[in-house]
Amino acid sequence: MQLRETGRPMRSIIVLSVVAALLQVGLAPQLSVMGGTLNFMLVLCCALALTSDVSSAVYIGFCCGLFFDLTSSGPIGLMALIMTVAGFGLATASRGVMGGLTPESLRLAGIVILLVNLAYGLCLFLMGVQGDLVWALFGHGISSTVLDILLAALFLLVLSGQGPQRTFSSRPRGSRYKLNR
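Residues numbered from 1 in each chain as written. Predicted model: local features only at pLDDT ≥ 70, side-chain atom pairs only at ≥ 80, totals over all residues. Heavy atoms only, no water.

## Digging into the overall build of the protein
Here's step 1: A tally of helices and strands in the protein yields six helices and two strands.
Here's step 2: Each helix and strand of the protein, placed in order from N terminus to C terminus, yields the pattern α-β-β-α-α-α-α-α.
Here's step 3: Sorting the 181 residues of the protein into buried and exposed places 40% on the buried side.
Here's step 4: In the protein, the share of contacts with a sequence separation of at least 24, taken over all contacts with a separation of at least 6, comes to 73%. (Helix = DSSP H or I, 4+ residues; strand = E, 2+ residues; numbered from the N terminus. Buried < 20%, exposed > 50% of the residue type's maximum accessible area, 1.4 Å probe, protein only. Contact = heavy atoms within 4.5 Å.)

Right under this line is the structure:
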């Protein structure tokens, strides 16, 4: 059984965060597929919250959400609130799930990304920023979710290549039991 690696290399996390921030500012406003846009900060929050403890995931969610709010035309503080709650929920739900690109981690990240996009679209409609509820939820929300899940697979793949995987055995290879050869 593999355990969660708590001593992640901070250098790769910082590099991934800077790259995500630059892509959020430079690429995300320019790219739209079927009404959906990429949210690099949401994907970064989900990827880091999967392997973080609950208190760190809350801070990660708030910082990523605030950065998104400051670089978008939406209301300031809305995505910070939604992503803070999402980071808390994802870190709580992902206890016992290995980080990296696994079916469980991608499934959890996909569910959180869907819920965040739907909640953001609903709040924008209720605040009067978005005029059409169906477009806010299904047009923009679902297409953004598909794009973000594809991007999350890439981020989880990058984070899965960090450091050795820990197991219960102190030996990296072999078995504790004698095998007949």
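After that view, the rundown keeps rolling.
## Some details on the packing of helix H1 (residues 10-26) against helix H6 (residues 133-160)
Here's step 1: Interhelical geometry of H1 versus H6 gives an angle of 160 degrees and a closest axis separation of 11 Å. Put simply, H1 runs roughly antiparallel to H6. Pair H1 / H6 crosses with right-handed handedness. On H6, the residues touching Ile13, Leu16 and Ala20 of H1 are Phe155, Val158 and Leu159.
Here's step 2: Classifying every residue of the contact of H1 with H6 by side-chain character gives six nonpolar, no polar and no charged. (Axes fitted to C-alpha atoms, helices over the stretch in contact; angles between N-to-C directions. Parallel < 35°, antiparallel > 145°, perpendicular 65-115°, else oblique. Left-handed = near helix turned anticlockwise from the far one by under 90°. Nonpolar A, V, L, I, M, F, W, Y, C, P; charged D, E, K, R; others polar.)

## What about the side chain of serine 105?
Here's step 1: As for its position among the elements, serine 105 is in helix H5 (residues 103-126).
Here's step 2: Separated by 2.9 Å, the side chains of serine 105 and threonine 102 make a polar contact. (Polar contact = N/O pair within 3.5 Å; in protein donor to acceptor, adjacent residues only side chain to side chain.)

## Observations concerning a nonpolar patch on the surface
Here's step 1: Side chains of Val134, Phe138, Ile142, Val146 and Leu150 sit close together on the surface and give an oily, nonpolar patch of about 490 Å² of accessible area.
Here's step 2: Within the secondary structure, phenylalanine 138 sits in helix H6.
Here's step 3: Judged by its relative accessible area of 54%, phenylalanine 138 falls in the exposed class. (Patch = residues over 30% accessible without salt bridge, like charges linked within 9 Å, V, L, I, M, F, W, Y side chains within 5 Å. Areas by Shrake-Rupley, 256 points an atom, 1.4 Å probe, with all protein chains shown as cover. Salt bridge = Lys/Arg side-chain N within 4 Å of Asp/Glu carboxyl O.)

## Brief notes about the side chain of asparagine 39
Here's step 1: With respect to the secondary-structure elements, asparagine 39 resides in the loop between strand S2 (36-37) and helix H2 (40-49).
Here's step 2: Polar side-chain contacts of asparagine 39 include one of 3.3 Å to the backbone nitrogen of methionine 41.
Here's step 3: Asparagine 39 has contacts with Gln24, Phe68, Met79 and Asp148, leaving out every residue within four places of it along the chain.

## Examining helix H4 (residues 78-93)
Here's step 1: If you check H4, its first and last C-alpha atoms are 23 Å apart, about what 16 residues at 1.5 Å a residue would give, namely 22 Å.
Here's step 2: Considered for burial, the residues of H4 that qualify are Leu78, Met79, Ala80, Ile82, Met83, Thr84, Ala86, Gly87, Leu90 and Ala91.
Here's step 3: Buried-residue contacts for H4 involve H2, helix H3 (54-71) and H5. (Expected span 1.5 Å × (residues − 1).)

## Topic: H6
Within an α-helix, residues lying three or four positions from one another point in the same direction, as the helix has 3.6 residues per turn.
Here's step 1: Over its 28 residues, H6 extends 37 Å from the first C-alpha to the last, a length consistent with the 40 Å expected when each residue adds 1.5 Å.
Here's step 2: At glycine 141, H6 shows its largest kink, close to 30 degrees. (Bend = angle between axes of the 7 residues up to and from the residue.)

## Digging into the nonpolar core
Here's step 1: Counting residues in each nonpolar core, the largest one holds 43 residues, and the members touching the most others are Met41, Leu44 and Phe155.
Here's step 2: No other element matches H2, which puts ten residues into this core.
Here's step 3: The contacts of leucine 44, once residues within four sequence positions are left out, are Leu16, Ser17, Ala20, Cys64 and Phe155. (Core = buried A, V, L, I, M, F, W, Y, C linked by side-chain atoms within 4.5 Å.)

## Observations regarding the environment of threonine 37
Here's step 1: Mapping threonine 37 onto the fold places it in strand S2.
Here's step 2: Separated by 104 residues in sequence, threonine 37 and glycine 141 place their C-alpha atoms 9.1 Å apart.
Here's step 3: Not counting residues within four places of it along the chain, the set of residues in contact with threonine 37 comprises Leu31, Ser32, His140, Ser144, Leu147 and Asp148.

## Section: the packing of H4 against H5
Here's step 1: H5 packs onto H4 with a crossing angle of 155 degrees between their chain directions and a minimal axis gap of 10 Å. Of the possible angle classes, the one that applies to H4 and H5 is roughly antiparallel. As for how H4 packs across H5, the hand of that crossing is right-handed. Residue-level contacts link Leu78, Met79, Ile82, Ala86, Leu90 and Ala93 of H4 to Leu108, Ala109, Val112, Val116, Ala119, Tyr120, Cys123 and Leu124 of H5.
Here's step 2: Considering only residue class, the contact of H4 with H5 consists of 14 nonpolar, no polar and no charged.

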